[in-house]
Amino acid sequence: MEQQVKDGLNFILGAVNTVKVEAEKAISTISSEFQTLAAKGAQDQSEVSVNLRKYLQEGLVQVETLVGKANTALADAKEKVASVTPKA
């Protein structure tokens, strides 16, 4: 019985180690492929790609502006609530 427990534990440890190694390999491969595709995309200077980059950048600026305004409005609302809430 004791040997079966040890074998089971060793099996689990081996499986965990294998999963870890395979996950690291997969992450490395995905990262490498991502970098390759990103480099290919950066080299693409077609009209569609240039326009897409331009509109995406403009969209990101607008989103950042909206997030900033929302954070400011939230901070103002918190201050107003804090000013009317009785302090304990």
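Per chain, the residues get numbers from 1 upward, laid out in the order the sequence is written. Local features in this predicted model are restricted to residues of pLDDT 70 or higher, and side-chain atom pairs are both shown and tallied only at a pLDDT of 80 or more, whereas totals for entire chains, interfaces and linings draw on every residue. Each side-chain value is derived from all of the structure's non-hydrogen atoms; neither hydrogens nor water enter the calculation.

## What about the overall build of the chain?
How we decide: Labels follow the DSSP assignment, with helices taken as runs of H or I lasting at least four residues and strands as runs of E lasting at least two, numbered in each case from the N terminus. Each residue gets one of three labels from its accessible area relative to the maximum for its type: buried under 20%, exposed over 50%, partly exposed in between, using a 1.4 Å probe on protein chains only. Areas reported here follow the Shrake-Rupley algorithm with a probe of radius 1.4 Å; residue values treat only the protein chains shown as occluding. Neither His nor the chain ends contribute to the count of charged residues, in which Lys and Arg are positive and Asp and Glu negative. Here the site of a charge means NZ on Lys, CZ on Arg, CG on Asp, or CD on Glu.
A tally of helices and strands in the chain yields two helices and zero strands. On the principal axes, the C-alpha backbone points of the chain span a range of 70 × 65 × 10 Å. Within the span of the chain, comprising 88 residues, buried residues form 1% of the whole. Looking at the chain as shown, the accessible area adds up to about 8000 Å², and 65% of this sits on carbon and sulfur atoms. For the chain, the separation between the mean place of its 10 positive charges and that of its 11 negative charges on side chains is 7 Å.

## As for the pattern of salt bridges
Using the following cut-off: Salt-bridge detection follows one rule: a side-chain nitrogen of Lys or Arg within 4 Å of a carboxyl oxygen of Asp or Glu.
Scanning the entire structure with this criterion turns up two salt bridges. Notably, a salt bridge pairs Lys6 with Glu2, separated by 3.5 Å at the nearest N-O pair. Highlighted residues: Lys6 and Glu2, both in helix 1 (residues 2–43), separated by four residues, approximately one helical turn. A residue is classified by how much of its surface remains accessible, and Lys6, at 43% relative accessible area, is partly exposed.

Geometric descriptors of this kind do not, in isolation, establish any biological role.
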